[in-house]
Amino acid sequence: MARMYPVAFVLLLLVALNAGANLGRDDERFHEELVVRPLSGDHVNTYFQFTTRWHYGDKDNLYHTQLTPRVIAELLQQFAVKELHIGLTQGLWRYETWGYPIVEATSGAEMWAWFSGANLTNREVDRQWKELANVFSGVLCASLNFVDNTNSIAPRHLIRPQFMPANGRRFVRYATLPREIVCTENLTPWKKLLPCGSASGFASLLNSGHVHNTKYHSLGLKVRVLCEDHDEDNCIVELTQTANLVYDLRLFELSNNDFSLRRMFGMGLNGFCELAESSKIYVQRNEQGERYQLVPEPVHEVKTTRGGHSVVYSVYDMHEQFKEPGERLFNVAWLAPKSENRRRNLAKPSLPPVTVHRYLLGHGQERGRIVTEVTNSHYDTLPIMLQEVIPWYVHAYLHTLSIRRKPQRVNEYGRQRLPFKLLHYTPGKQRELPSHLEIGFTLPGQTSALITIDVDYLLLKWLEYPPDANHGHYIGSAIVSSQLPMGRNYTALPPEGHLFEHSFNATRPSYVLSLHTEALIVSLPTPDFSMPYNVICLACTVVALAFGPIHSVATKMIIVGRQASTPKNFVKKIFNKIFRRGKPTDEAAAECEELRAAGAAAVGATGMASARASISPGGPSGDQPLLEDLDEEEEEQD
């Protein structure tokens, strides 16, 4: 009877009957998606998402991986982590002109994880948190090994889990590294985690030469474990890898607004990943995309309504495009009307409901003020929650924390204040812990709020300064969260979904929004690090100039010779030189004898032999003294 069933059904039946049995290929599913959205200001957003889901059943089956990377399976075996988020981002997302991204990220490196277990303690979680950061520091070739207690916090209210926990306590850790630079050495190992790597599929479009020249690019990795009914023997591990890019069409130096996949990525699509169950491209057609004509024409079109906001997507299925055999490249082109002027695309879209900005006030290198401005463009009151992580080298004063408000039509803030609905503050400790602040309040419609707190800057030890000390020190971006009653400009995936198509028609009473502010650079009191360099150069120069003469005087033998008396008249000097060349004077012979005796007394027997060989007395043959010093002095005198 079992022979009549397909192989996949038999394997699923075996899993249901025996959770300890090895899982087959059909229990792991891989999907790849690409979303292209034209934005205002001649920008284009391309969002890649690669999702791998594995219903591994019993935990012992994690040793037998096929599509899921081995490092992810070993991570779940070694650590009690249930959810992990890592983001590597270069650039700043512009909410006012681009709307909200599908996946939110902050500049630099960002990492947070949820831990759950029966016997976990805070000390054990701290140890696992550091080891987890070290593991992915090597996996992604990033500087996550600098994550430690000095830049990590345990959020209380803002970050919520997206997994189904088993029995046990839950712990969360969060850290950012705003100085992290994203480059090719991060993209290459990130692509190696994919089942097909970068050989085929959508990952082949991610060429480092075209990815890192964008105005904004972000690499993301999310791992979460979904267990049913708190049963650890019936779980699914979900790995989601994302790449979010924003291209500036003005950098292509085109005469019009036309663009294509080949123009953005340097090549066309060479096919789909053979291990992918689905491979689709979604192109937004309304709003900024309605003025473009797609070539080739899409076969499918989807209209989705979410929270009263409708979006139209054209769908290209790569399994249908490459169903015929043969090697070829697939390309999609966006053609703008020939009569269209580039300036027509400079109009800004509708303002998002919530926007945030952050900056520093004050002057000097001793004290300042951190300012965060939140604007509610919606007509209704919205709940706002803010999380600040202030590094240990910046001292924050909680009693100076205040929230002022003003209507949007007014330029300056008055004395009207907003009360706190929630306040959590953990003071920092020098060189050990950062300051952690979480506040909650309600912001009326068409109103802006200004959150300020005074800070002092600490004088560091000279070994604690980075190599570029005058560049400044970073303060990581703040996180602002809210709940929107409508879905305008909202494109995030629902927590229970794992594919982009799961966001279609996903209407609900409210939508959780998370935004990141700008990172800040503070100029701490910095000593003159050029002074030691100048001192070293001066000391080395003095030693070099003094060593040569001292060494010469201490090692050479000085012999002083008497000068022969010569006439001062020029004519007499010439006659004297002529007659001395043929016959040396008795006086010169006597001087040679004296020099020979002095040399013998100074150098001993060896010096005596050398002096006899080199100096011979004058005689009838007319030989001259051979002492070089005497000859040189005589020639100078002559």
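Conventions and cut-offs
- Residues numbered from 1 in each chain as written.
- Predicted model: local features only at pLDDT ≥ 70, side-chain atom pairs only at ≥ 80, totals over all residues.
- Heavy atoms only, no water.
- Helix = DSSP H or I, 4+ residues; strand = E, 2+ residues; numbered from the N terminus.
- Buried < 20%, exposed > 50% of the residue type's maximum accessible area, 1.4 Å probe, protein only.
- Polar contact = N/O pair within 3.5 Å; in protein donor to acceptor, adjacent residues only side chain to side chain.
- Core = buried A, V, L, I, M, F, W, Y, C linked by side-chain atoms within 4.5 Å.
- Contact = heavy atoms within 4.5 Å.
- Pairing = 2+ DSSP bridges.
- Disulfide = S-S within 2.5 Å.

Participant: Looking at this structure, how should I read unusual backbone geometry?
Facilitator: For the peptide bond that leads from Val295 to Pro296, omega is 0 degrees, which places it in the cis range. Unlike most non-glycine residues, Asn489 shows phi in positive territory, near 65 degrees. The topology assignment puts Asn489 in the loop between strand S24 (479-484) and strand S25 (511-516).

Participant: Looking at this model, I keep getting lost on the environment of Glu232. Mind explaining?
Facilitator: With respect to the helices and strands, the residue Glu232 is situated in the loop between strand S7 (216-227) and strand S8 (235-248). Its relative accessible area of 40% is what places Glu232 among the partly exposed residues.

Participant: Help me understand the side chain of Thr89, please; the structure alone is not making it clear to me.
Facilitator: For Thr89, the location among the structural elements is in strand S3 (residues 81-90). At 3.2 Å, the side chain of Thr89 forms a polar contact with the backbone oxygen of Thr106.

Participant: Looking at this structure, I do not really get the nonpolar core. What am I missing?
Facilitator: For soluble globular proteins, nonpolar side chains are generally found buried alongside one another. The biggest cluster of nonpolar side chains holds 81 residues, and the ones touching the most others in it are Phe48, Leu84, Leu132, Phe136 and Ile281. The contact partners of Ile281, leaving out residues within four places of it in the chain, are Leu34, Phe202, Leu261, Leu269, Ser314, Val315, Tyr316, Met318 and Phe330. Ala396, Ala492, Tyr511 and Leu520 belong to the second-largest nonpolar core, a separate cluster that totals 48 residues.

Participant: Just checking my understanding: could you explain the pairing of S3 for this structure?
Facilitator: Taking burial as the measure, the 10 residues of S3 include nine buried ones, the bulk of the element. Taken together, the eight bridges between S3 and strand S4 (residues 108-117) define a ladder with antiparallel strand orientation. Paired with His85 across the strands is Trp112, a residue of S4. As paired strands, S3 and S7 are joined by eight bridges and run antiparallel to one another. Looking at the pairing, Leu88 lines up with Leu219 of S7.

Participant: Help me out: how do you make sense of the state of the cysteines in this one?
Facilitator: Such a bond, covalent and formed between the sulfur atoms of two cysteines, is termed a disulfide. Overall, the coordinates contain two disulfides when judged by the stated rule. Here Cys196 pairs with Cys273 through a disulfide, and the sulfurs are 1.8 Å apart. On the sign convention where negative is left-handed, the bridge of Cys196 and Cys273, at about 70 degrees about the S-S bond, is right-handed. Here Cys196 is found in the loop between helix H5 (184-192) and helix H6 (208-211), whereas its partner Cys273 is found in the loop between helix H7 (261-265) and strand S10 (278-284), with 77 residues between them in sequence. Take Cys196 and Cys273: they sit in the same class, and that class is buried. Sequence-ordered numbering of the bonded cysteines in the protein chain gives a disulfide pattern of 1-4, 2-3. Take Cys141: it sits in no disulfide, and the sulfur closest to it among the cysteines is that of Cys183, at 9.0 Å. The cysteine Cys540 is free of any disulfide, with Cys537 supplying the nearest cysteine sulfur at 6.8 Å.

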